[in-house]
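# Close look at the chain arrangement
Chain by chain, the residues run as shown.
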Amino acid sequence: MKDKIRDNGPNSAVYGLGFIGALVYYISTATSFGTGVLGVLKALVWPAFLVYEAFSKLGA
């Protein structure tokens, strides 16, 4: 049973810390309730923004 369980602890920790950081950033810069809600949604998908910006800077 133990060999079927995958250990994704470090990846989850990085995503979790990134989520908290993005959440704090987007909420602190929100000027209204609507932008705060949008900030929460953006914090959930921050890796997509990161990859998009990286690819656009690399010219891919």
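Below, the structure is looked at part by part. Numbers given to residues run from 1 along each chain, matching the order in which its sequence is written. This being a predicted model, a pLDDT of at least 70 is required before a residue's local features are given, and a value of 80 or more before pairs of side-chain atoms are given or counted; all residues contribute to the totals for chains, interfaces and linings. The side-chain quantities take in all heavy atoms of the structure and omit both hydrogens and water.

## As for helix α2 (residues 33-44)
- The terminal C-alpha atoms of α2 lie 17 Å apart, and with 12 residues this matches the ideal 16 Å at 1.5 Å per residue to within 8%.
- The complete set of buried residues in α2 reads Gly36, Gly39 and Ala43. Angularly, the buried residues of α2 cover 55° about the axis, an arc narrow enough to put them on a single face. Counting from the N terminus, the helices are the DSSP runs of H or I reaching at least four residues and the strands are the DSSP runs of E reaching at least two. How far a helix is expected to stretch is found by multiplying one less than its residue total by 1.5 Å. Only protein chains enter the accessibility calculation, which uses a 1.4 Å probe. A residue is then buried if its area is under 20% of the maximum for its type, exposed if over 50%, and partly exposed in between. Throughout, the arc means that of the directions going from the helix axis to the C-beta atoms.

## Thoughts on helix α3 (residues 46-58)
- The end-to-end C-alpha separation of α3 is 19 Å, in line with the 18 Å expected for 13 residues at 1.5 Å each.
- Backbone geometry just downstream of α3 places Gly59 in the positive-phi region, at approximately 80°.

## Some points on the packing of aromatic side chains
- Think of it this way: a Phe, Tyr or Trp ring, Trp meaning its six-membered ring, pairs with another when their centres are within 6.5 Å, and the plane angle makes it stacked under 30 degrees, edge-to-face over 60, tilted otherwise. One pass over the full model with this rule turns up 2 aromatic pairs.
- Between Tyr15 and Trp46, the aromatic rings sit 5.9 Å apart at their centres with planes inclined by 15°, giving stacked as the arrangement. Of the two residues, Tyr15 is situated in helix α1 (residues 9-28) and Trp46 in helix α3; the sequence distance between them amounts to 31 residues.
- Residue Tyr15 is classed as partly exposed on the basis of its relative accessible area of 34%.
- For the pair Tyr25 and Tyr26, a centre-to-centre distance of 5.3 Å together with 65° between the ring planes defines the contact as edge-to-face.

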